[in-house]
Number of protein chains: 2
Amino acid sequence: MAGTRLTPQRETELYGAVLDLLREVGYDALTMDAIATCARSSKATLYRQWGSKPVLVARAMRHSKPDQSHHVDTGSLRGDLHAMTALTDESQMERDSALMRALFHAVHDNPDLRQALRDVVVEPETSGLKTLLRRAVDRGEIAADHPALPFVLHMLVGAFVARQLIEDRSVDRAFLVAYLDAVVLPALGV
Amino acid sequence: MAGTRLTPQRETELYGAVLDLLREVGYDALTMDAIATCARSSKATLYRQWGSKPVLVARAMRHSKPDQSHHVDTGSLRGDLHAMTALTDESQMERDSALMRALFHAVHDNPDLRQALRDVVVEPETSGLKTLLRRAVDRGEIAADHPALPFVLHMLVGAFVARQLIEDRSVDRAFLVAYLDAVVLPALGV
């Protein structure tokens, strides 16, 4: 059966198992053996389909939160950003935070993981945001050379990370909307 | 010699050893035995003077970056925030980033460490920033109920964390000043 690929449903189950293990034991203790056992698959299949642990982890991350921001188009930047906060439910936001913690330290020690996450997760995730900002520029809501434009992602990451660090609470939708209205939109002059 | 405390100089050396070990092996693998050996002290002395590992780690963090922001008073918020970026040299910013990474995951699994860091590091560190913002309110630069005021720390944390995550680079002074001018001050309407 060399060359056989998992069915989409089995693939989804396997990605779920990878993220559960990752939250539980962290990246370093996550082995291809454990994933194979947990997903009732074989190590050979895992390597054939994904090539390496960093790529498998990155694809599992990506699969768990498909970027839906490309479908958002309300006609104003404020409307678009608010709509984006409604794309992820709040229990998912908490699970995302747990994953980010599990990966944050590992990323530093594993350049392959860093590269895989950047290619598979960060680039596609931020392309939706970039599209939405470009439309705002096209509509004339923001000047193309507005000095805050390069920092929108930094502001948003701050909202997620700082709430956990400073307030010891996960981000929820009400907090995100307040932050968008008080920080992100005024910084952009909208 | 029960009750004997370390001299200030020996204390400084010991704090340095704690942070070096922390950057090297991480929080979980950092033991009181290793600290005692490395600092040519005894475990009994460590426990007598600091009580616990989380408190010792938090005090070492605090000692490494005494809050000098209370001395900053240039007469304008822009001037004060820019002056704060000059209080830490850039090699120190890189060492700080390495420490933050070492602690970020540990904080989640260790409520005692989280509490100690909040009491010993976060509260005092942010009191300088709060003083500086209160003066700006008193001078009439910002309305006391400005909606962005509660989020200044979130914006700043975003600058530090996101640069590493998104751009894979440590924060430097030029970046911080650009971020203050493009994001923090405009969000505050200054």
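Criteria and cut-off values
- Here the residue index of a chain counts from 1 through its sequence in written order.
- Going through the entries in the order they are written, you letter the chains from A and number the ligands from 1.
- Totals for whole chains, interfaces and linings use every residue, but because this is a predicted model, local features are given only for residues with pLDDT of at least 70 and side-chain atom pairs only at 80 or more, for both listing and counting.
- Remark: hydrogens and water are excluded; side-chain values derive from all non-hydrogen atoms of the structure.
- Here a strand is any run of E in DSSP of at least two residues, a helix any run of H or I of at least four, and the numbering for each starts at the N terminus.
- Accessible area is worked out with a 1.4 Å probe on protein chains only. A residue is then buried under 20% of its type maximum, exposed over 50%, and partly exposed in between.
- Using a 1.4 Å probe, accessible areas were evaluated by the Shrake-Rupley method; residue-level cover was limited to the displayed protein chains.
- Charge assignment: positive for Lys and Arg, negative for Asp and Glu; neither His nor the chain ends contribute.
- One atom stands in for each charge, and that atom is NZ of Lys, CZ of Arg, CG of Asp or CD of Glu.
- What makes two residues a contact is simply this: any of their non-hydrogen atoms within 4.5 Å.
- Salt bridges are identified by distance alone: a Lys or Arg side-chain nitrogen within 4 Å of an Asp or Glu carboxyl oxygen.
- We define a polar contact as two N or O atoms separated by no more than 3.5 Å, with the added condition that, inside protein, one atom must be a possible hydrogen donor and the other a possible acceptor, whereas residues neighbouring each other in sequence contribute only through side-chain atom pairs.
- Three categories are distinguished: nonpolar for Ala, Val, Leu, Ile, Met, Phe, Trp, Tyr, Cys and Pro, charged for Asp, Glu, Lys and Arg, and polar for the others, with Gly belonging to the last.
- To obtain an axis, a line is fitted to C-alpha atoms, over the contacting stretch when the element is a helix, and the angle between two such axes runs from 0 to 180 degrees between their N-to-C directions.
- Should an angle fall under 35 degrees it is taken as roughly parallel, and over 145 as roughly antiparallel, whereas 65 to 115 is taken as roughly perpendicular and any remaining angle as oblique.
- What makes a crossing left-handed is the near helix being turned counterclockwise from the far one by less than a right angle; a clockwise turn instead makes it right-handed.
- What we call a nonpolar core is a set of buried Ala, Val, Leu, Ile, Met, Phe, Trp, Tyr and Cys residues that are connected through their side-chain atoms within 4.5 Å.
- To pair, rings of Phe, Tyr and Trp, with the six-membered ring standing in for Trp, must have centres within 6.5 Å; the planes then decide the type, stacked if under 30 degrees apart, edge-to-face if over 60, and tilted in the middle.
- Each ring is checked for a lysine NZ or an arginine CZ that lies within 6 Å of its centre and within 35 degrees of its normal; such an atom marks a charge sitting over the ring.

Looking now at the overall build of chain A. The number of helices and strands found in chain A is 9 helices and 0 strands. Secondary structure of chain A in N-to-C order comes out as α-α-α-α-α-α-α-α-α. Dimensions of chain A along its principal axes, counting C-alpha atoms only, are 55 × 35 × 30 Å. Counting across all 190 residues of chain A, residues that qualify as buried make up 46%. As presented, chain A carries roughly 9000 Å² of accessible surface, and 54% of it is formed by carbon and sulfur atoms. Measuring between centres, the 22 positive side-chain charges of chain A sit 4 Å from its 25 negative side-chain charges.

Okay, the interface of chain B and chain A next. Contacts between chain B and chain A engage 31 residues on the former and 31 residues on the latter. Between chain B and chain A we count 0 salt bridges in total. There are 0 residue pairs in polar contact (both at pLDDT 80 or more) connecting chain B and chain A. Counting residues per element, the ones that place at least two in the side of chain B that touches chain A are α6 (90-109), α7 (111-138), α8 (152-167) and α9 (173-187) of chain B. If one sorts the elements of the side of chain B that touches chain A by residue count, α8(B) sits on top with 13 residues. In terms of residue class, the side of chain B that touches chain A is built from 20 nonpolar, 5 polar and 6 charged.

On to the packing of helix α8 (residues 152-167) of chain A against α8(B), then. It is the contact of α8(A) with α8(B), at a shortest axis distance of 6 Å, that shows an interaxial angle of 115 degrees. When the axis of α8(A) is compared with that of α8(B), the two are roughly perpendicular. Relative to α8(B), α8(A) is oriented so that their crossing is right-handed. Between α8(A) and α8(B), the contacting residues are A:L153, A:H154, A:V157, A:G158, A:A159, A:V161, A:A162, A:R163, A:L165, A:I166 and A:E167 on the first element and B:L153, B:H154, B:V157, B:G158, B:A159, B:V161, B:A162, B:R163, B:L165, B:I166 and B:E167 on the second.

What follows is about the nonpolar core. Among the nonpolar cores identified, the biggest contains 52 residues, and A:M155, A:V184, B:M155 and B:V184 are the most heavily contacted of them. At the level of secondary structure, the elements contributing two or more residues to this core comprise α5 (77-85), α7 (111-138), α8 and α9 (173-187) of chain A together with α5 (77-85), α7, α8 and α9 of chain B. Dropping the residues within four chain positions of it, B:V184 is found in contact with B:L81, B:V152, B:M155, B:L156 and B:Y179.

For the structure shown, the criterion picks out 8 aromatic pairs over all chains. Measuring from ring centre to ring centre gives 5.7 Å for A:F175 and B:F151, while their planes differ by 75 degrees; the resulting arrangement is edge-to-face. Of this pair, A:F175 sits in helix α9 while B:F151 sits in the loop between α7 and α8, each in a different chain. Residue classification places A:F175 among the buried residues on the basis of a relative accessible area of 8%. Note on B:F151: relative accessible area 9%, which makes it buried. Among the aromatic residues, those joined into a ring-pair cluster are A:F151, B:F175 and B:Y179. Positioned over the ring face of A:Y27 is A:K53, at 4.1 Å from the centre of the ring.

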